[in-house]
Amino acid sequence: MPQSTEPPQQSAARPARRDVSDLFSGGRLTAIPRKAARRDQLLVHLTETLFSAERTYTEPEVNEALRTVHEDCSALRRYLITSGLLTRTRDGRSYRRSATAL
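Conventions we followed
- Residues numbered from 1 in each chain as written.
- Predicted model: local features only at pLDDT ≥ 70, side-chain atom pairs only at ≥ 80, totals over all residues.
- Heavy atoms only, no water.
- Axes fitted to C-alpha atoms, helices over the stretch in contact; angles between N-to-C directions.
- Helix = DSSP H or I, 4+ residues; strand = E, 2+ residues; numbered from the N terminus.
- Parallel < 35°, antiparallel > 145°, perpendicular 65-115°, else oblique.
- Left-handed = near helix turned anticlockwise from the far one by under 90°.
- Contact = heavy atoms within 4.5 Å.
- Nonpolar A, V, L, I, M, F, W, Y, C, P; charged D, E, K, R; others polar.
- Phe/Tyr/Trp six-rings, centres within 6.5 Å; stacked < 30°, edge-to-face > 60°.
- Buried < 20%, exposed > 50% of the residue type's maximum accessible area, 1.4 Å probe, protein only.
- Lys NZ or Arg CZ within 6 Å of the ring centre and 35° of its normal.
- pLDDT = per-residue confidence, 0-100.

Asks: I'm lost on the packing of helix α3 (residues 59–67) against helix α4 (residues 73–82) in this one. Help?
Replies: Angle between the axes and distance between the axes: these two values describe a pair of packed helices. Remark: α3 packs on α4, axes separated minimally by 9 Å, with the N-to-C direction vectors making an angle of 110°. Classified by the angle between their axes, α3 and α4 sit roughly perpendicular to one another. Every pair of crossing elements has a handedness; the one defined by α3 and α4 is right-handed. Contacts from Glu59, Val62, Asn63, Leu66 and Arg67 of α3 reach α4 at Cys73, Leu76, Arg77 and Leu80. Tallied by class, the residues present in the contact of α3 with α4 amount to 5 nonpolar, 1 polar and 3 charged.

Below, the structure written as structure tokens:
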């Protein structure tokens, strides 16, 4: 009987976290990835590198941090919120890194 190749296929379907350095040039994000999985990798990277888990941020502070890597801070902020990596208060006045962020 032929041997099953399922385990390698399963591991290929669930790739390890990839490096996102290829998305940057000169410390700036060249484009926000269109593919959700790749964008999620970027968002995790941004969360880990730009935001401290120990503090609360105002929207202008979040925007300023995101502008250090890309001009479209509004899109990045929305992606971070919808992905659950950043949370914000109901009134939108303060933002925090999610406790579940990796």
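Asks: I would appreciate a short explanation of the packing of aromatic side chains in the present structure.
Replies: Two descriptors summarise a pair of aromatic rings, namely the distance from one centre to the other and the angle between the planes of the rings. What the rule picks out here adds up to 1 aromatic pair. Judged by centre distance (5.2 Å) and plane angle (85°), the rings of Phe51 and Tyr57 are edge-to-face. Classification of Tyr57 by relative accessible area gives buried; the value is 6%. For Arg39, the ring lying beneath its charged end belongs to Tyr79, and the centroid distance is 4.4 Å.

Asks: In this structure, what is going on with the confidence of the model for the protein chain? I would like to understand it.
Replies: Taken over all residues, the pLDDT of the protein chain has a mean of 86, while the share at 70 or more is 79%. In this model residues 4–16 is a low-confidence stretch, pLDDT under 50, and it forms 1 contact with partners more than four residues away in sequence or in other chains.

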